[in-house]
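# Notes for the structure review
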Amino acid sequence: MCELNPKVCLENVQNGLLSPFEYLKQANKCLSSPIHRPVGREYVIRALNEREIFEKQCKLLKSLVRKAGLYPYLKMFSPQDETSDTELLLSLYQSEFDPSFVFHSMQAKIYNILISGKNVVLSAPTSMGKSAIVDSLIASNKFKKIVIVVPTIALIDETRRRISKAFGNKFQVIYHGSQERRKDKVVYILTQERVNEREDLQNIDLFVLDEFYKLAFSQEEKTRAIALNIALSKLLTVSKQFYMIGPYIDAIRGMEVLKREYVFIPSDFNTVALNVNEYNIKPNDIFSKNAQLKKILNASSGQTIIYCRSQRSIDQVVTSMDYLPFNISSREVEDYYLWLKRFYGSNWCYSRALKLGVGVHHGALPRALQQKTIELFNKNEIKYLLCTSTLIEGVNTVAENVVIYDNRRSNWSIDEFTHKNIAGRAGRMNKHLIGNVFCLESLPNKELQSNVVDLPLGQQSADTPLNLLAGIQAEHLSGNSSEYLSRFSTSSEVPLDLLRRHSSYNVDVIEAAYSFVASLPAGSMKVLSTKKIPDGYYLELLARFIKIVESGSLQKLQLHFQDNNDLKNRMAWYIYADSHTSYMCERIGYIYKNREDVQLRSEATDKELKIARNIFKHSIPRALTLFQDLLNYEFSKLKLDFKSDLGYLVHLFENSHLPSSFAALEEMGIAIETLDKIVTERLSLISIEALCKYIRAYYKTCERLSSVDKMFIALALK
């Protein structure tokens, strides 16, 4: 019967309680029913994973693979069994970008709809193979200008690698703010913030928006959702066609207001099956969770991702893994470990984990370390990978098993949607047909309501943030929103244009920031307009302003206190440091000199990395850019002959003491410690493309570079 569990049915076949023929007969019944078709597909996938059991029913199983639309899996059968109609079918479903890649039926359906010129909003599981559709669209030569919007810089780099490898000879690939368009055929790979910053996005043939569910406001910070809605508004006005992708969504509400027709495709097309194991351990019962994790790892042979809520949770799991033997798998990994000890210390969680053959991945890690972790895991040089949500959100991994250690994301409980997204990382098409998911805590409650994405851009109301309304295109403003903006422009001292340029800030924050600027005495304003390198008083003013506009991000790292000079001191140390590397080495040295405990040293190292990534590279440049614009607005308003230019400081913090082109290489995965060895004034003047070409040609013979430096370069520029 169709309602039977395919996993249980297969176990019955293995135990002799059900014949292979009866199993496939049930699969056929399910595939013949629109309601049970996904179950039928799971029957087929599980049978393919145990093909030797169905050897006598080979032709029938092959027929069911075709009926299920799982055409790529036809290649699993012996070539001698191929018939002319199978060869024809495989040729019909070949991808444009790679003749060896075969579409399954859902991929082909979506591709054909898009090629016909229609807009598509697709909801599909992680394992469906959505990126192959994008690559085939590029290969079709129908689109000359394409924008791909991804949620993180890590995904920019992963997508850049894939697109550059396949299409770099035909298309210019733009992924960094310092790049200028040189070719007619171009693929932009950008985060929403970079979409909003670029001024050359015109006459776009197609834009692809990945993880479109992030358009909706969540219980977490709204800033990135606002930026994504502003980016969507911009792209809708300059693009002929769009393709929006996300998992497990039943509908998107608000698109109809934007007057763009589209086809919504909610698909449950899975190419792998999951075995889900539940243990119902209480969230705070760390002892039981660690004991069960040990049992799971001892019993599992495949590559395993372990999802944790936070860096602290990762650290305590690593500490509990003392049952693992030291496992440095190669000379390259040994050299890498010694490099980590030198720059970040042997007590740091990442270093301790690597020594055990365990990888760590979270948002505060330097990108070179993130990418090296993924490479080692995908090459099977490390077997276990501990991660937070940064890895779950789209980064490509090949894992047979996923352990969901925590049912939380930072301080928030995860819902069924997020849980399914994490579980979807288990298994991989053509690699692991069956994925194993181990849920240590109770599963989230199944929500009865459908999972609908509410689009703020298309559902404007009195509660819509004013900075969102200021940032979107005029044609997407409702009548009430236009009136709201008009009332604001006449009642507020902050000009609407300034709010539009700084839409990542809430209006009340910008108004508080302006009040601070307006209250400054003339002498202070003169200091801020004449000095390039800040002294003590200058730094005091900057720190006071940053605490006003970035209190949320500073509070997470205890840098927000008004009566504390920690932020000011750190800014001074960083500004006057010779390089990012020298600053970090000084801070790590201080930690090891003043703390004895392994855990405290590790936590302090993580804090320093968070400050470097979140505060220095993001919060401070954003705040200083706002400060500069507010100062110059006030100078103009008061008719003072002053001009503030904080560009030097913005560049220094945003680019980690590096020229822009070298900062782009850091995003691509070359460690800052490596870049600090090779940066020169002459090289800083050339484009990213020319710099990459130069380094590729000469890095192997450069005596200043160690084997680990060369490893980072080879990985980033291959």
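These remarks concern the structure in this document. Only a predicted model underlies this, so the values are computations on that prediction, with no experimental measurement involved.

## A few points about the overall build of the chain
- Looking only at helices and strands, the chain features 32 helices and 17 strands.
- Expected size for 718 residues packed as a compact globule is a radius of gyration near 27 Å; at 27 Å, the chain falls within 12% of this value.
- Its C-alpha atoms give the chain principal-axis dimensions of about 90 × 60 × 55 Å.
- When contacts within the chain are restricted to residue pairs at least 6 apart in sequence, long-range pairs at least 24 apart make up 72% of them.
- Carbon and sulfur atoms form 49% of the exposed surface of the chain, whose accessible area is close to 31,400 Å².
- Here the chain contributes 91 positively and 80 negatively charged side chains, and the mean placements of these two sets differ by 3 Å.

## Observations regarding the sheet that holds strand 9 (residues 273–278)
- Taken together, the six strands give an open sheet; going across it, the order is 9-16-13-10-12-11, and neighbouring strands pair in parallel fashion. Here the strands that pair on one side only, and so sit at the sheet edges, are strand 9 and strand 11 (358–361). Each adjacent strand pair in this sheet contributes to an overall mean axis angle of 20 degrees, direction not counted.
- In this structure, strand 11 lies alongside strand 12 (residues 384–387), joined through four bridges in parallel fashion.

## Observations concerning the packing of helix 3 (residues 37–49) against helix 4 (residues 58–67)
- Where helix 3 contacts helix 4, the axes come no closer than 10 Å and their chain directions differ by 140 degrees. Classed by the angle they form, the pair helix 3 and helix 4 counts as oblique. Considering only the axes of helix 3 and helix 4, their crossing is left-handed. Side by side, helix 3 and helix 4 meet where Arg37, Val44, Ala47 and Leu48 of the first sit next to Leu61, Leu64, Val65 and Lys67 of the second.
- Tallied by class, residues from the contact of helix 3 with helix 4 come to six nonpolar, no polar and two charged.

## Some remarks on the packing of helix 13 (residues 331–344) against helix 32 (residues 707–717)
- At a minimum axis distance of 9 Å, the contact between helix 13 and helix 32 shows a crossing angle of 110 degrees. On the basis of their axis angle, the class for helix 13 and helix 32 is roughly perpendicular. From helix 13, Glu332, Asp335, Tyr336 and Trp339 reach across to helix 32, where they touch Ser707, Val708, Asp709, Met711 and Phe712.
- Taken together, the residues of the contact of helix 13 with helix 32 sort by class into five nonpolar, one polar and three charged.

## Some details on the packing of aromatic side chains
- Going through the model one piece at a time under the given rule, you end up with 26 aromatic pairs.
- For the ring pair Tyr336 and Trp339, a centre distance of 6.4 Å and an interplane angle of 25 degrees mean the geometry is stacked. Remark: Trp339 and Tyr336 occur in helix 13; sequence separation between them is three residues, near one turn of the helix.
- With a relative accessible area of 0%, Tyr336 lands in the buried category.
- Relative accessible area serves as the criterion here: at 6%, Trp339 is assigned to the buried category.
- A ring pair is formed by Trp348 and Tyr350, whose centres lie 5.3 Å apart and whose planes are at 20 degrees; its orientation type is stacked.

## Considerations on the nonpolar core
- With 155 residues, the main nonpolar core has Met244, Met321, Tyr336, Trp339, Leu369, Phe545 and Phe627 as its most contacted residues.
- The greatest single-element share of this core, amounting to 14 residues, is contributed by helix 27 (residues 598–637).
- Discounting chain neighbours no more than four positions away, the residues touching Phe627 are Phe516, Val517, Leu520, Leu528, Leu541, Leu542, Phe545 and Leu646.
- By size, the runner-up hydrophobic cluster in this structure holds 86 residues, among which are Val173, Met429, Leu683 and Ala716.

## A look at the pairing of strand 13 (residues 401–404)
- Neither face of strand 13 is exposed, since Asn401 and Val403 on one face and Val402 and Ile404 on the opposite face are all buried.
- Strand direction decides the pairing type here: strand 10 (residues 304–307) and strand 13, joined by four bridges, are parallel. The residue of strand 13 that forms the bridge with Ile306 is Val403.

## Re the pattern of salt bridges
- Here the structure, examined in full by the defined rule, presents 34 salt bridges.
- Across the pair Asp157 and Arg161 runs a salt bridge whose closest N-O atoms are separated by 2.8 Å. With Asp157 and Arg161 both in helix 8 (residues 153–167) and four residues apart, this pair spans about one turn of that helix.
- On the accessibility criterion, Asp157 (3% relative accessible area) is buried.

## A few points about the side chain of Gln460
- Considering the arrangement of structural elements, one finds Gln460 in the loop between strand 17 (452–454) and helix 18 (466–471).
- A polar contact is formed between the side chain of Gln460 and the backbone oxygen of Leu457, at a distance of 2.9 Å.
- Apart from residues no more than four positions distant in its own chain, Gln460 is found in contact with Leu469, Ile472, His476, Leu477, Ser478 and Ser481.

## Brief notes about unusual backbone geometry
- Even without being a glycine, Asn280 presents a positive backbone phi close to 55 degrees.
- Within the element layout of this structure, Asn280 appears in the loop between strand 9 and helix 11 (286–299).
- Positive phi values are uncommon outside glycine, yet Gln558 reaches one of about 55 degrees.
- Here Gln558 shows up in the loop between helix 24 (551–555) and helix 25 (566–576).

## Quick look at a nonpolar patch on the surface
- Together, Ile533, Tyr576 and Tyr648 give the surface a local cluster of nonpolar side chains, amounting to about 300 Å² of exposed area.
- Positionally, Ile533 belongs in the loop between helix 22 (522–530) and helix 23 (536–549).

## Some remarks on the environment of Arg224
- By the secondary structure assignment, Arg224 is in helix 10 (residues 223–238).
- Discounting chain neighbours no more than four positions away, the residues touching Arg224 are Pro151, Thr191, Gln192 and Glu193.
- Looking at Arg224, its side chain comes within polar contact range of the side chain of Glu193, at 2.9 Å.

## Some words on helix 10
- Over its 16 residues, helix 10 runs 23 Å from end to end, which matches the ideal 22 Å to within 8%, given 1.5 Å per residue.
- Across the 16 residues that make up helix 10, a large majority, 14, are buried.

## Thoughts on the sheet that holds strand 3 (residues 172–174)
- Strand order in this open sheet of seven strands is 3-4-2-5-6-1-8, and the pairing throughout is parallel. Every interior strand has two partners, whereas the edge strands, strand 3 and strand 8 (263–266), have only one. Neighbouring strand axes in the sheet, compared pairwise and without regard to direction, differ in orientation by 15 degrees on average.
- With four bridges connecting them, strand 5 (residues 206–210) and strand 6 (residues 242–246) associate as parallel partners. Note that in strand 6 the partner of Phe207 across the bridge is Phe242.
- Taken strand by strand, helix 7 (residues 130–139) contacts strand 1 (120–123), strand 2 (145–149), strand 4 (186–190), strand 5 and strand 6, and its axis lies near 165 degrees from that of strand 6.

Basis of the calculations
- Residues numbered from 1 in each chain as written.
- Predicted model: local features only at pLDDT ≥ 70, side-chain atom pairs only at ≥ 80, totals over all residues.
- Heavy atoms only, no water.
- Helix = DSSP H or I, 4+ residues; strand = E, 2+ residues; numbered from the N terminus.
- Rg over C-alpha atoms; globule rule 2.2 N^0.38 Å.
- Contact = heavy atoms within 4.5 Å.
- Areas by Shrake-Rupley, 256 points an atom, 1.4 Å probe, with all protein chains shown as cover.
- Lys, Arg positive; Asp, Glu negative; His and termini not counted.
- Charge placed at Lys NZ, Arg CZ, Asp CG, Glu CD.
- Pairing = 2+ DSSP bridges.
- Axes fitted to C-alpha atoms, helices over the stretch in contact; angles between N-to-C directions.
- Parallel < 35°, antiparallel > 145°, perpendicular 65-115°, else oblique.
- Left-handed = near helix turned anticlockwise from the far one by under 90°.
- Nonpolar A, V, L, I, M, F, W, Y, C, P; charged D, E, K, R; others polar.
- Phe/Tyr/Trp six-rings, centres within 6.5 Å; stacked < 30°, edge-to-face > 60°.
- Buried < 20%, exposed > 50% of the residue type's maximum accessible area, 1.4 Å probe, protein only.
- Core = buried A, V, L, I, M, F, W, Y, C linked by side-chain atoms within 4.5 Å.
- Salt bridge = Lys/Arg side-chain N within 4 Å of Asp/Glu carboxyl O.
- Polar contact = N/O pair within 3.5 Å; in protein donor to acceptor, adjacent residues only side chain to side chain.
- Patch = residues over 30% accessible without salt bridge, like charges linked within 9 Å, V, L, I, M, F, W, Y side chains within 5 Å.
- Expected span 1.5 Å × (residues − 1).

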